[in-house]
Amino acid sequence: MPNTFNLTIATPAGWVADNEVESLIVPGIDGYLGILANHAPLMTAIDIGLLTYRDYAGYDHILAVTDGFFEVSNNKATIIADTAEEADHIDINRAKLALERAQHRLKIAVTDPSIDVERARAALRRAMNRIKVAEFSEIMDPKKKTPSA
Amino acid sequence: MASLRELRQRIKSVGGIRQITRAMEMVSATKLRRAQQRIESARPYTMKMDEILAHLANAVDPDMPLHPLMEPRKEIKKLLIIGVASNKGLCGSFNANVIRKIELHATEAKNRGIEVSIFIIGRKLMDFFKRRKWEIHPESRNFISIDENLPVTLLQHLMSIITDAYIRFEFDQVDIIYTEFKSAIVHKIVIRQFLPIIGLEPGSDSDTRKSSKTQGYIFEPDAVSLFNVLIPKYARVVLFRMLADSFASEHGGRMGAMHNATKNAGDMIRTLTLQRNKARQTAITKELAEIVGGAEALSG
C-alpha cells in the first residue's frame, strides 16, 4: 500500500473529485507541479491546463482545468477551479467549434475594434486545452490501464 | 343578482384560471428546486475558497498595499447600485420590494450629494426604471435578462465590467440590492456593499492563528500575487451567490403567489356555486308558483 493523500476538487458546478490519491500533477501558474504524499504546505494559482492524478487503486485520471487555485497541507490537497472536466466527459466537437469561433474572432479583431481580444484569446486557450486533454487521454486510455501492484 | 347564465359562465372561467395558477405553482416549485440545487452545488467551491482566502490573508503582510478592489475611497462621489430582480411578473411583491428599496437607497444617497447610477438586472426593473429620472448604467442593457444557469463566462464578463469601472474611478462604491433566499417563503431584501470588498483585510485574524496556521507555506510565486489573483474570483463568487439567491427567491415568491391565487379561485368558485344554486332554486320556485297560480286561475 503506497502512501496516499486526500484530494478534493471543487468547481461552481459541484464536486469533481473527493478521493485518496497516490500522486497528482497540477498545471501551476509557474509550471507543472508534481505532488506526492507528505508534501510541504504549498499554495499556488492554477492556469488553464491538464491535470492528472493516480488514485489509491492505481487508476490514472485526466482532467482539463481552467483558472483555479491549489493548496496542499497536512496531506490534504484542495483544488478550486472554474471548470474541471474528466477527459471522457469532454465534448470534442463542441471544443473544436469553440476553437474555430475563437480563431475567427481573433482574425477579424484586427479590423473590428468591438471584439474583446482578451476574452477571445482566453476562449481559444480553453478550447485548445480541452482538445489536447481529450486527445491525450485517448492515447493514454486510462480505463485499460491495470492497477499497479 | 346576476343571472343564472352569467353565474355559470363565471364559474367556468374561474375554474380555468385556477387550473392555470395551479400549473404555474408546480412549475415554480420545480424551478425553485433547481435553483436551490444550483446554490447547493456551488457551496463546496465557496467553502474551499473561504478557507484558502483565510490562510492567504494571514500570510500576507498587513502593511502591503491593498488590492485595488479592496481599497476604500476617501470620498464617495459616485455610487453604482446594482439592482437584481426578475424578468417576469406574477411573483407577489418580489419585484415591487426591490424597486422600492432601490429608489429609497438612491434617493438617500442623492440627498447626501452623491451621484447615483443604476445597473439593472431583470426586465421588470428595467420596465420601471427606464421612465424614471435615474441614470442607468449603459452596459446594463446587455445583462437585463441573464441565463439562470449563471455560467462562469457570463459572471466573469459581468464582474469585469463592474470591477473595471471601479478601478477606472468611474465609481467610488458599488452596492448590490437583491433578495436573499432564506426559505421558500422567507425572503429578505438586502443591500450589500460589493466594492470595495470588505472583511478580507490581511492580518484581520488573531495573531495566534496567524503564527500556527500559515507558517511554513510555500507560495508560488508569492503570497501577495496569489492574494491578488484570488480577490477577483472572490468577487465573482459573491456575485454568483446574490444572483442565485435572487432567482431562488423569485421562484419561491411566484410559488407562494400562485398558491394563494389557486386558493382564492377555489373560494370564489365556492361562493359562486352557492349563488348559482340559489338562483336556480329561485327560478324553480318562481316557475312553480306561476304554474300553481295559472292552475288556480283556470279552476277558479
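Model, not experiment: these values are computed from the prediction.

## Some remarks on the interface of chain A and chain B
Okay, step 1: Every contact between the two is made by 27 residues of chain A and, on the other side, 24 residues of chain B.
Okay, step 2: Of the roughly 2,300 Å² buried at the junction of chain A and chain B (both faces included), carbon and sulfur atoms supply 70%.
Okay, step 3: Ranking the residues of chain A by area buried against chain B places A:Met43, A:Phe69 and A:Ile80 at the top, with a combined share of 28%.
Okay, step 4: Where chain A meets chain B, there are two salt bridges.
Okay, step 5: In this structure, B:Arg236 engages A:Asp82 in a salt bridge whose closest nitrogen and oxygen atoms are separated by 2.6 Å.
Okay, step 6: The tally of links between chain A and chain B comes to eleven residue pairs in polar contact (both at pLDDT 80 or more).
Okay, step 7: Going through the elements one at a time, β1 (5–11), β2 (14–28), β4 (42–46), β6 (60–73), β7 (76–86) and α2 (117–140) of chain A are the ones with two or more residues in the side of chain A that touches chain B.
Okay, step 8: Here the side of chain A that touches chain B takes six residues from β6(A), the largest share from any one element.
Okay, step 9: Pairing between β4(A) and strand β6 (residues 218–220) of chain B: three bridges, direction parallel. In the sheet register, A:Leu42 faces β6(B), and the bridge partner there is B:Ile218.

## Some points on the domain arrangement of chain B
Residue and element names in this part refer to chain B.
Okay, step 1: Structurally, chain B comprises domain 1 (4–28 + 256–299) and domain 2 (32–253).
Okay, step 2: Listed by partner, the interface residues are five residues for domain 1 and seven residues for domain 2.
Okay, step 3: Both sides of the domain 1 and domain 2 interface together cover about 410 Å² of buried area, and 50% of this is carbon and sulfur.
Okay, step 4: Inspection of the domain 1/domain 2 interface yields zero salt bridges.
Okay, step 5: If you look at where domain 1 meets domain 2, you find four residue pairs in polar contact (both at pLDDT 80 or more).
Okay, step 6: Put simply, the parts of the chain that give the side of domain 1 that touches domain 2 at least two residues each are α1 (4–59) and α6 (223–299).

## Re the environment of A:Ser137
Residues and elements named next belong to chain A.
Okay, step 1: Tracing the backbone shows Ser 137 in helix α2.
Okay, step 2: Judged by its relative accessible area of 11%, Ser 137 is buried.
Okay, step 3: Here the alpha-carbon distance between Ser 137 and Ala 87, two residues 50 residues apart in the chain, equals 6.3 Å.

## Some remarks on a nonpolar patch on the surface
Residues and elements named next belong to chain B.
Okay, step 1: Where nonpolar side chains cluster on the molecular surface, the patch consists of Ile 284, Leu 288 and Ile 291 and spans about 290 Å² of accessible area.
Okay, step 2: Here Ile 284 is to be found in helix α6.
Okay, step 3: Assessed through its relative accessible area of 40%, Ile 284 is described here as partly exposed.

What counts and what doesn't
Residues numbered from 1 in each chain as written. Chains lettered and ligands numbered in written order. Predicted model: local features only at pLDDT ≥ 70, side-chain atom pairs only at ≥ 80, totals over all residues. Heavy atoms only, no water. Contact = heavy atoms within 4.5 Å. Buried area = accessible area lost by both parts, 1.4 Å probe. Salt bridge = Lys/Arg side-chain N within 4 Å of Asp/Glu carboxyl O. Polar contact = N/O pair within 3.5 Å; in protein donor to acceptor, adjacent residues only side chain to side chain. Helix = DSSP H or I, 4+ residues; strand = E, 2+ residues; numbered from the N terminus. Pairing = 2+ DSSP bridges. Domains from an automatic or database assignment. Buried < 20%, exposed > 50% of the residue type's maximum accessible area, 1.4 Å probe, protein only. Patch = residues over 30% accessible without salt bridge, like charges linked within 9 Å, V, L, I, M, F, W, Y side chains within 5 Å. Areas by Shrake-Rupley, 256 points an atom, 1.4 Å probe, with all protein chains shown as cover.

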